[in-house]
Structure formats: structure tokens, C-alpha cells
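# Examining the three-dimensional arrangement
Chain residues, written in single-letter form:
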Amino acid sequence: MSDTTDLLDRAPNSDQAPPRTSTQLDTLKSLLKAPESLAELDVPPGVMMDILFRVLFQEGEVNIRRLASITHLELALVDEMLNKMQADQLVEIASAGSMGRFTYTYALTDAGRRRARDAMERSQYIGPAPIPIDKYTAMVLLQTGRKLRIRPAEVRAALHALILPEHFHRRLGPALNTSTSIFLYGPPGNGKTTIAEAVAELIAGADPIWIPYAITTGGYIISIYDPQLFHEISLNKEQLKVFKADPRHEVDRRWGLFERPTVMVGGELQLDALDLRYDEVTKFYEAPLQLKANGGMFLIDDFGRQLISPAQLLNRWIVPLESGYDFLRLRTGQSLQVPFRQLIVFATNLNPLDLVDDAFLRRIQMKVRVDSPDERMFYQIWTMSAQELGVPLDRESFSYLLKRWYRETGRTLQAVHPRDILRIVVAMCEYEGVPPQLNPSIVDEACDSYFVGNA
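Presented here is a report on the structure given in the accompanying data block. As the structure is a prediction and not an experimental result, all values here were calculated from the model.

## Observations concerning the pairing of strand E14 (residues 325–329)
Only one face of E14 is covered, namely the face carrying Asp326 and Leu328; the face carrying Tyr325, Phe327 and Arg329 is uncovered. Bridge analysis of E14 against strand E15 (residues 335–339) gives five bridges, and the strand direction is antiparallel. Note that in E15 the partner of Tyr325 across the bridge is Pro339. Turn length for the E14-E15 hairpin, with the two strands adjacent in sequence and antiparallel, is five residues, and the turn residue Gly333 shows positive phi of about 100 degrees.

What follows is the structure in C-alpha cells.
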């Protein structure tokens with residue numbers, strides 16, 4: 001394979017995924033080949049015409065390049081559709097440029113405006129043309145069929161900001177490479193969310209993934225693209241050549257190349273966020289969160305404290321976790337089978353045995369306990385936090401902190417405490433107009449402000 005192929009088949013800076021076989025690369029090229037005719041779109045012509053009608057209705061006079069930019073279609077294909085609409089007396093040429101048909105500007109006729117109003121009644125979706133759902137499924141399966149190769153050194157580097165047991169990375173790495181589910185649990189304040197965020201960065205740094213902006217089935221459009229979740233990767237002309245089935249043809253711009261997405265939810269998660277959401281005003285669907293997370297990671301933080309119960313989530317996901325496929329339902333009653341291929345991470349401060357039953361736990365392959373630090377690790381965290389905040393270290397003050405505020409009270413050490421206590425120390429010193437410093441007196445003041453009783 002060429003150097004460019006190797007570059008795009010692997011993570012940008014590491015050997016994180018095996019190169020695709022020639023058969024896989026041919027399949028990828030086939031899926032990415034830009035359609036040259038309405039028939040090759042594999043989308044009902046009415047769906048495509050409606051998008052053009054809506055753009056023309058909203059903007060008045062529109063040139064072909066503008067329509068191609070909005071729909072992510074080739075100029076020739078947009079021109080073919082406009083020719084058909086012109087032949088049916090639905091659009092007319094508002095102005096003709098001097099550089100051929102691709103510089104023409106079009107406007108709706110009276111009959112076209114009536115059709116456009118009907119199109120607006122059916123849906124108000126304006127954006128990239130959708131990909132048929134079967135091609136979306138094929139693309140997800142192709143891109144998630146290869147195991148990642150995230151090395152121990154990369155996992156350790158991702159966790160470098162945390163003080164963790166020496167071999168902690170060995171509990172995470174195998175799950176990342178197999179893209180199975182992970183259950184992070186243990187007492188609060190010890191970095192479960194930070195660990196999950198580090199995992200998300202590792203996943204995002206793996207080989208990039210092709211995702212459509214929208215998909216279609218049964219004449220309905222399902223929007224997938226979310227600018228908050230998808231970070232696009234731009235390729236130069238030489239890199240794009242790798243994905244062209246024929247050098248004369250372009251890559252289908254209905255697909256975008258993105259970093260692998262990370263969806264993060266907490267206590268706000270509701271059951272309807274896991275199903276297709278139909279907007280009664282815009283009349284198109286938004287993809288559920290797990291569909292947007294395909295090929296990436298889905299973090300459920302504070303698991304057990306959601307607006308839905310763990311049992312409800314169990315009932316919703318027990319089959320997808322086992323089979324790798326999810327089932328969604330359109331408002332017409334039609335059921336859709338879609339891939340369920342992402343790393344699911346559950347993070348909780350609660351006892352897993354109190355949240356879910358054995359059947360659910362069996363489907364979560366890796367359970368990783370994140371314990372409270374011992375006194376040696378607590379000192380390492382204290383030292384690191386003091387250096388970051390510019391607080392001079394003082395062993396006497398640290399020994400006093402341990403004795404007075406932990407051993408005597410029976411309070412549990414938490415990894416988050418050093419940073420929080422030292423921030424209060426800095427704030428107190430700034431208020432007094434003195435440099436940051438440590439002594440037993442200011443430790444007492446800071447802890448008295450931070451802790452509530454013996455909590």
C-alpha cells in the first residue's frame with residue numbers, strides 16, 4: 001500500500017489500527033464513490049427534489065454552486081435535477097452567468113412555489129443529502145470490524161495526570177482494543193470521570209471514521225451530524241485520491257471524515273434520548289445518542305442517578321449489548337435495525353450490585369474499580385497539586401492534615417481532596433495579600449471551609 005493509504009488507515013500518530021485489506025479498501029472506495037446520477041444516489045428522487053425546493057423557497061434565487069454546497073452533491077447531479085425541474089416548469093433561470101450552466105441562478109415558478117410549500121409541509125430539513133440506511137450500516141460495520149491497537153505506553157500517557165496504581169492501565173487497555181463495555185466504579189472523588197475522559201481522547205485519536213451527515217429510510221430523513229460531537233478532519237487532494245474508486249471521480253461529500261465521537265451524558269439522561277426523536281415542527285428525525293456514538297465512545301457518568309432507572313436502561317440495551325445491533329422505531333411503526341458499535345463506559349459511585357442484575361453485568365465485559373488512594377498516593381497527589389498551584393510544600397503541614405483531618409476523624413482519603421483544599425489555601429492567601437503558604441493554621445481554615453462535619 002502507498003504511504004498515503006497507510007496514513008489514513010491508521011491513527012495519525014500511532015500504530016493504533018491494522019491496515020485495511022485490499023478487499024476492505026475496495027469496499028470503502030465503493031461506499032465513498034460520489035454518485036453520478038439520480039439512480040446512483042439510492043435515495044428516493046422526491047426526497048432530493050424536496051431539499052432543493054426548500055432551499056429555493058427560503059433563499060429565492062440560488063445558483064447551482066450554492067445548491068451543491070448545501071446538499072453536498074456534485075454540480076453535475078444538481079444540474080441534472082434542476083434540468084428536470086425546469087422541464088416540468090417548476091424552476092426558471094433567473095440569470096445566466098458567462099461561464100456556462102454551472103453559473104446559472106434559478107428561481108421557483110408559481111407551480112414550483114406550490115410544490116415547495118408542499119415540501120415544507122412534509123419536512124423542513126435543509127442540509128446535506130442523506131445516505132440510504134443500508135449503506136450507513138455497511139460503512140459502520142466496515143469501520144468497526146477492525147480491533148484498535150492502543151499500546152500500553154499510550155494508555156499510560158493518557159493517564160499521566162492521575163496518580164493511580166502502577167498497573168492500572170492493564171485494566172483499561174484490553175477493553176479499548178476490543179471496544180467492549182467498561183464499568184468504572186468505586187468511592188466518589190477518585191477520578192472515574194477523568195479516567196473516562198482520558199479514554200475518550202484515546203478513542204478520538206484512533207483511526208478516523210467516515211460518518212454521513214444524514215441517513216434516510218422510508219422517505220424519512222434522520223439527521224446524524226452534531227457539530228458539538230463531530231470534529232471533521234480535512235484531507236488534501238493526494239490523501240483523497242486513496243479513497244477514489246476511479247481517479248476521475250470524486251469522494252461522495254455526503255460523508256464526512258471525523259475523529260471518533262464521544263457522547264457524554266450524566267444525570268440528565270432520559271429514555272427518549274435513546275430513541276429516534278421526531279420534531280413535530282421540522283418534521284424530520286434526530287438520531288439517538290447511541291447512533292451518534294457509533295464507532296466512538298458513549299459515557300454514562302453518575303450511572304444510577306439518571307432520570308431513568310438502571311432497570312429501564314437495562315431493558316433498553318440488554319439486547320444491543322449482546323448482539324451489536326439496536327432496533328429503532330419510526331412514528332409509522334416501522335422498525336429499523338442499526339449497528340450498535342461503540343465503547344460503552346458506565347461510571348458510578350454506587351455499588352454495581354445495587355444497580356443492575358447479574359445478566360446486565362455479564363454483558364459489561366470489563367469492571368474496573370477505582371479505589372481511594374492510600375497515604376503514599378495521597379502525598380503524591382498533594383505534591384503534584386501543590387506544584388501546579390504554586391504552593392510551597394511543607395511536610396509538617398501535610399502530616400498535620402493527615403493526622404487532624406483524616407486519621408482522627410476516620411475520613412476517607414479522596415484523590416480530589418488535595419487539589420480542592422490547596423485551591424482554598426491559595427484563595428485565602430490571595431485575599432490576605434500574601435504569597436501562597438502552608439502551615440497547620442491555614443490547613444485548619446481551609447479544611448474547616450471544605451469539609452462538612454466528618455464527611
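## Describing the sheet that holds strand E12 (residues 285–286)
The strand order across the open sheet built from five strands is E4-E7-E8-E12-E11, with neighbouring strands paired in mixed fashion. Strands at the two margins of the open sheet, each flanked by one partner only, are strand E4 (131–132) and strand E11 (277–278). Two elements, strand E7 (residues 214–217) and strand E8 (residues 220–223), share four bridges in a ladder whose sense is antiparallel. Bridge pairing in E8 links Thr216 to Ile221.

## Structural notes on the pattern of salt bridges
Counting across every chain of the model gives 20 salt bridges. Taking the shortest distance from any N to any O, the salt bridge between Asp110 and Arg113 comes out at 2.4 Å. Residue Asp110 and its partner Arg113 are both found in helix H7 (residues 110–122); the two are separated by three residues, about one turn of the helix. The class for Arg113 is partly exposed, based on a relative accessible area of 32%. The salt bridge partner of Asp275 is Arg316, with a shortest N-O separation of 3.2 Å. A residue pair is termed long-range when its members are at least 10 positions apart, and Asp275 in the loop between strand E10 (262–265) and E11 and Arg316 in helix H14 (residues 310–323) qualify at 41 residues.

## Considerations on the packing of helix H4 (residues 45–59) against helix H5 (residues 64–71)
Interhelical geometry of H4 versus H5 gives an angle of 120 degrees and a closest axis separation of 11 Å. Considering their axes alone, H4 and H5 lie oblique with respect to each other. Crossing of H4 over H5 shows right-handed handedness. Residue-level inspection shows Ile51, Leu52, Val55 and Glu59 of H4 in contact with H5, the latter providing Arg66, Leu67, Ile70 and Thr71. Class assignment of the residues belonging to the contact of H4 with H5 gives a composition of five nonpolar, one polar and two charged.

## Quick word on the side chain of Thr109
Along the polypeptide, Thr109 turns up in the loop between strand E3 (105–108) and H7. Take Thr109: its relative accessible area is 14%, and that puts it in the buried class. Separated by 2.7 Å, the side chain of Thr109 and the backbone oxygen of Gln89 make a polar contact. For Thr109, the contacting residues outside a window of four places in its chain are Gln89, Leu90, Val91 and Glu92.

## Description of the environment of Met49
In this fold, Met49 is placed in helix H4. Judged by its relative accessible area of 9%, Met49 falls in the buried class. For the pair Met49 and Arg341, spaced 292 residues apart in sequence, the C-alpha to C-alpha distance is 33 Å. Excluding anything up to four places from it in sequence, Met49 contacts Leu38, Met81, Lys84 and Met85.

## A short note on the packing of aromatic side chains
Under the defined criterion, the tally for this structure stands at 21 aromatic pairs. Between Tyr406 and Phe451, the aromatic rings sit 6.0 Å apart at their centres with planes inclined by 90 degrees, giving edge-to-face as the arrangement. With a gap of 45 residues between them, Tyr406 in helix H18 (residues 395–407) and Phe451 in the segment after helix H20 (440–450) connect regions that are remote in the sequence. One aromatic cluster in this structure is built from Phe378, Tyr379, Trp382, Phe398, Trp405, Tyr406, Tyr450 and Phe451. Sitting over the ring of Phe451, Arg411 keeps its end group 3.9 Å from the ring centre.

## Quick word on the sheet that holds strand E1 (residues 62–63)
Taken in spatial order, the three strands of this open sheet run E1-E3-E2, and their pairing is antiparallel. Where the open sheet ends on each side, the last strands, each with one partner, are E1 and strand E2 (91–95). Bridge count for E2 against E3 is four bridges, and the pairing is antiparallel. The residue of E3 that forms the bridge with Val91 is Leu108. Its contacts with the sheet put H4 on E1, E2 and E3, and the angle it makes with E3 is roughly 90 degrees.

## What to know about helix H10 (residues 169–178)
All buried positions along H10 are accounted for by His169, Leu172, Gly173, Ala175, Leu176 and Asn177. In this structure, the buried residues of H10 make contact with helix H9 (152–158), strand E5 (182–185), helix H11 (192–204), strand E16 (343–348) and strand E17 (366–369).

## Considering unusual backbone geometry
Phi angles above zero are rare outside glycine, and Gln89 is one such case at about 60 degrees. Tracing the chain through its elements places Gln89 in the loop between helix H6 (75–87) and E2. For Gln89, a relative accessible area of 59% puts it in the exposed group. In the Ramachandran plot, Lys283 falls in the positive-phi region, its phi being about 60 degrees despite a non-glycine side chain. Mapped onto the elements of the fold, Lys283 is located in the loop between E11 and E12.

## Quick look at the nonpolar core
Phe298, Phe303, Trp317 and Phe346 are the most contacted members of the largest nonpolar core, which has 44 residues in total. For this core, the element with the highest residue contribution is H14, accounting for four residues. Excluding residues that lie within four positions of it along the chain, Phe303 makes contacts with Phe183, Pro310, Leu313, Phe346, Ala347, Thr348, Leu350, Leu355, Val356 and Phe360. Grouped together as the second largest cluster of nonpolar side chains are 35 residues, Val47, Leu67, Ala116 and Ala119 included.

Rules of the game
Residues numbered from 1 in each chain as written. Predicted model: local features only at pLDDT ≥ 70, side-chain atom pairs only at ≥ 80, totals over all residues. Heavy atoms only, no water. Buried < 20%, exposed > 50% of the residue type's maximum accessible area, 1.4 Å probe, protein only. Helix = DSSP H or I, 4+ residues; strand = E, 2+ residues; numbered from the N terminus. Pairing = 2+ DSSP bridges. Salt bridge = Lys/Arg side-chain N within 4 Å of Asp/Glu carboxyl O. Axes fitted to C-alpha atoms, helices over the stretch in contact; angles between N-to-C directions. Parallel < 35°, antiparallel > 145°, perpendicular 65-115°, else oblique. Left-handed = near helix turned anticlockwise from the far one by under 90°. Contact = heavy atoms within 4.5 Å. Nonpolar A, V, L, I, M, F, W, Y, C, P; charged D, E, K, R; others polar. Polar contact = N/O pair within 3.5 Å; in protein donor to acceptor, adjacent residues only side chain to side chain. Phe/Tyr/Trp six-rings, centres within 6.5 Å; stacked < 30°, edge-to-face > 60°. Lys NZ or Arg CZ within 6 Å of the ring centre and 35° of its normal. Core = buried A, V, L, I, M, F, W, Y, C linked by side-chain atoms within 4.5 Å.

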